[in-house]
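Geometric and topological summary
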Amino acid sequence: MSDKKITLIGAGLVGSLAAVFLAKRGFEVEVYERRPDMREENISAGRSINLALANRGIYPLQQVGLMQQVEKMLTPMKGRMVHDLEGNQNLQPYGQRDEEVIYSVSRADLNTLCMDSAESEGNVTIHFNQKCTSVDFENQLLTLKNELTGEECQKPFVRVIGTDGSASAVRDAIHSVQSEHNYAEQLGHSYKELCIPAGTDGEFQMEPHALHIWPRGGYMLIALPNMDRSFTVTLFMPNEGEISFTAIDNEEKLLAFFNEHFPDAVPLLPELNKDFFENPTGHLATVRCSPWHYQDKALLIGDAAHAVVPFHGQGMNCGFEDVSEFDAQIEKFAGDWNKIFAETDKLRQPNGNAIADMAIENYITMRDSVRDEKFLLKSALAFELEKRFPDRFCPRYSMVMFHRLPYAEAQNRGVIQEAILTELTANVDNLEMVDFENAESLVKSKLSEVDLNPI
Ligand SMILES: Cc1cc2nc3c(=O)[nH]c(=O)nc-3n(C[C@H](O)[C@H](O)[C@H](O)COP(=O)(O)OP(=O)(O)OC[C@H]3O[C@@H](n4cnc5c(N)ncnc54)[C@H](O)[C@@H]3O)c2cc1C
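Just so it is clear, the structure is predicted and the values come from calculations on it, not from any experiment. (Residues numbered from 1 in each chain as written. Predicted model: local features only at pLDDT ≥ 70, side-chain atom pairs only at ≥ 80, totals over all residues. Heavy atoms only, no water.)

**Observations concerning the nonpolar core**
Side chains of nonpolar character tend, in soluble globular proteins, to be buried together. What counts is decided by this rule: What makes a nonpolar core is a set of buried Ala, Val, Leu, Ile, Met, Phe, Trp, Tyr and Cys residues whose side-chain atoms join them at distances within 4.5 Å. Per-residue accessibility, obtained with a 1.4 Å probe over protein chains only, is compared with the maximum for each type, and a residue is labelled buried under 20%, exposed over 50%, and partly exposed between these values. The way it works is that DSSP assigns letters per residue, a run of H or I at least four long becomes a helix, a run of E at least two long becomes a strand, and they are numbered from the N terminus. Working rule for contacts: check all heavy atoms of both residues, and any pair within 4.5 Å makes them a contact.
Of all hydrophobic cores here, the largest spans 47 residues; its most connected members are Leu8, Leu17, Leu53, Leu61, Val70 and Phe326. Top contributing element to this core by residue count: helix 1 (residues 13-24), with nine residues. With near-sequence residues (within four places) excluded, Leu53 lies in contact with Ile58, Leu61, Met67, Val70, Leu74, Ile102, Tyr103, Val105, Met316 and Asn317. Of all hydrophobic cores here, the second largest spans 36 residues; its members include Met220, Met366, Leu405 and Val450.

**Comments concerning unusual backbone geometry**
Ser290 connects to Pro291 through a cis peptide bond whose omega is 0°. With respect to the helices, strands and loops of the structure, Pro291 is situated in the loop between strand 17 (281-290) and strand 18 (293-294). The backbone of Gln140 shows a phi angle near 50°, a positive value even though the residue is not glycine. Looking at the element boundaries, Gln140 is found in the loop between strand 9 (130-136) and strand 10 (141-146). Judged by its relative accessible area of 24%, Gln140 is partly exposed. If you check the backbone angles, Arg229 has positive phi at about 75° while not being a glycine. Along the polypeptide, Arg229 turns up in the loop between strand 15 (220-225) and strand 16 (231-238).

**Points about the environment of Ala167**
Structurally, Ala167 can be placed in the loop between strand 12 (160-162) and helix 5 (169-177). Counting along the chain gives 138 residues from Ala167 to Ala305, while the straight-line C-alpha distance between them is 9.6 Å.

**Digging into the packing of helix 1 against helix 4 (residues 107-120)**
The cut-off we apply is this: For helices, the axis comes from a line fit to the C-alpha atoms of the stretch in contact; other axes are also lines fit to C-alpha atoms, and the angle between any two N-to-C directions lies between 0 and 180 degrees. Roughly parallel means an angle under 35 degrees; roughly antiparallel means over 145; roughly perpendicular covers 65 to 115; every other angle is labelled oblique. By definition, any crossing whose near helix is turned counterclockwise from its far helix by less than a right angle is left-handed, and any crossing with a clockwise turn is right-handed. Each residue gets one label: Ala, Val, Leu, Ile, Met, Phe, Trp, Tyr, Cys and Pro are nonpolar, Asp, Glu, Lys and Arg are charged, and the others, such as Gly, are polar.
Taken N-terminus to C-terminus, the directions of helix 1 and helix 4 make an angle of 25°; their axes are 8 Å apart at the nearest point. By the angle between their directions, the pair helix 1 and helix 4 is classed as roughly parallel. Crossing of helix 1 over helix 4 shows left-handed handedness. For the pair formed by helix 1 and helix 4, the contact residues are Leu13, Ser16, Leu17, Ala19 and Val20 on the first element and Arg107, Leu110, Asn111, Cys114, Met115, Ser117 and Ala118 on the second. Broken down by class, the residue content of the contact of helix 1 with helix 4 amounts to eight nonpolar, three polar and one charged.

**Examining the environment of Leu144**
Assignment of secondary structure puts Leu144 in strand 10. C-alpha separation for the pair Leu144 and Met433, spaced 289 residues apart in sequence, amounts to 65 Å. Once you skip the residues sitting within four places of it in the chain, Leu144 turns out to touch Tyr32, Gln130, Lys131, Cys132, Thr133, Glu151, Glu152, Cys153 and Lys155.

**Some words on the pairing of strand 11 (residues 152-156)**
In plain terms, the rule: By this definition, two strands are paired if DSSP reports at least two bridges between them.
Alignment of strand 10 against strand 11, held across five bridges, turns out to be antiparallel. In the strand pairing of strand 11, Leu144 is matched with Cys153. Between strand 10 and strand 11, which follow one another and run antiparallel, lie five residues, and Gly150 among them has a positive phi close to 80°.

**A closer look at the pattern of salt bridges**
Using the following cut-off: The rule for a salt bridge is simple: a side-chain nitrogen of Lys or Arg has to be within 4 Å of a carboxyl oxygen of Asp or Glu.
Counted according to the given criterion, the structure contains 29 salt bridges. One salt bridge in this structure joins Glu203 and Arg229, with 3.3 Å as the shortest N-O distance. One end of the pair, Glu203, is in the loop between strand 13 (181-196) and strand 14 (211-215); the other, Arg229, is in the loop between strand 15 and strand 16, with 26 residues separating them in the sequence. The partly exposed category is assigned to Glu203, whose relative accessible area is 36%.

**A short note on helix 5**
An α-helical turn contains 3.6 residues, so a residue and the one three or four places further along point in the same direction. Our working rule: Counting of polar contacts relies on pairs of N or O atoms within 3.5 Å, with two restrictions inside protein: one atom must be capable of donating a hydrogen and the other of accepting it, and residues adjacent in sequence are counted only when both atoms are side-chain atoms.
The set of residues buried in helix 5 consists of Ala169, Val170, Arg171, Ala173, Ile174 and His175. Between the side-chain oxygen at the start of helix 5 and the backbone nitrogen of Val170 there is a gap of 3.2 Å, and the oxygen is on Ser168.

**Here's the deal with the domain arrangement of the protein chain**
By convention, interface size is frequently given as the accessible area that disappears when the constituent parts associate. We apply this condition: Segmentation of the chain into domains, including their bounds, is taken from an automatic or database domain assignment. A simple way to read buried area is as the amount of 1.4 Å-probe accessible surface that goes missing from two parts once joined, with both sides added.
Parsing the protein chain into structural domains produces domain 1 (2-74 + 104-184 + 284-362), domain 2 (187-283) and domain 3 (372-446). Computed over C-alpha atoms, the centres of domain 1 and domain 2 are 30 Å apart. Of the residues lining the interface, 15 residues belong to domain 1; the matching set on domain 2 comes to 15 residues. For the domain 1 face of the interface with domain 2, the top three residues by lost area are Asn50, Leu284 and Phe311, together amounting to 50%. Put simply, domain 1 and domain 2 have zero salt bridges between them. Linking domain 1 with domain 2 are six residue pairs in polar contact (both at pLDDT 80 or more).

Here's what the structure looks like:
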């Protein structure tokens, strides 16, 4: 009987989806969540109001039959709409097939759907306002603090899954008894959310089917569409320095900064001052740790194991993929929890590290490279090579966003592909000048055939 009990810490996106998977396998699931129930209290959903959902996140939602409901919440984004200083807009498509789009989705709506779905299974209980403060593995006891009353209590557990996000208490507990490494690398840049409301006609004020970017080198503004026809806008900028969150400390400086660097956005941001000075500043870090499990007692998934910076739009997608992979190991090693946890850890850790690296790289791409002619030529050539050699060449962005081959493999192939693109574009200004005979020989000699969507 005890083998049917699982405790989750955290009912965020990953915890509530994990609860759905586990419930469907017949487990009795207890979830302890620090915050109040977002379905009853008007609390912010936490970081980032909306998120980009892509194939890796969609697949697990399909596995548990939630995609039909999720589809109603989605706004497709076909590419990056790059805004230059003069206000000109240029769409850079993410992919070259109709289905190669990513989707903007509300964090709160998706989290609510996963919690509702978990509870509707009948064997999941979510306890709100319960913060896990420590895990005693020897006696298999959790200490929980009621966030409303301050009271502490202890609860027994059989197995605990840490889905408690980047500042995970379960991670700290595992690493207090067994640790190779556990650290957060601060990016030195933070973010602030702003809002472009719907226009007076109730419609979007910019193209809705795109992720808008104002790339400015060391910093950038981005905007993702919402179902209510507004855009959530995010400013990413260094913490310190001439252009930084510290430097912009009054309304005058804020307006001067926006007028100089994002002039076309200013008329669309009626609450700029209020949003900037009242909304919290979110800090960005990459969490890397090992191991992600402890014996047959505990496992980390989602941001608890691998918080990544948000520039590839993959944190949640990766966390959902963790859940699906964990479920596959439960199926494979039926009841052998040492193996289930160890294998999930072994399979996911290299991939968590790979997406962490690629997410940091993508900050440079978004805030800078998208303005560069060579980058645009390489992107066009990457699409052309994908057309000519679809079984070997797939642009790295597409491997990460539109396919499900392991992140680590996408990263490795991406390095080889980048070298090929660099060689082929070394002395050319346009696609017509590329030596495609050399391209064929490079692709065939350096890239093996690829399975983009392993089962
Ligand atoms: C600005 C920004 C934009 C982003 N955009 C994207 C995107 O476009 N696409 C994408 O895929 N990802 C994106 N991400 C990443 C994404 O938000 C995270 O990867 C995702 O939220 C991870 O889900 P999680 O459930 O693991 O953690 P969280 O969402 O952090 O949830 C953890 C839950 O655990 C609870 N909790 C924490 N500590 C305790 C405790 N001690 N006891 C009990 N409960 C606890 C928290 O209250 C929370 O509900 C973005 C992140 C940021 C910051």
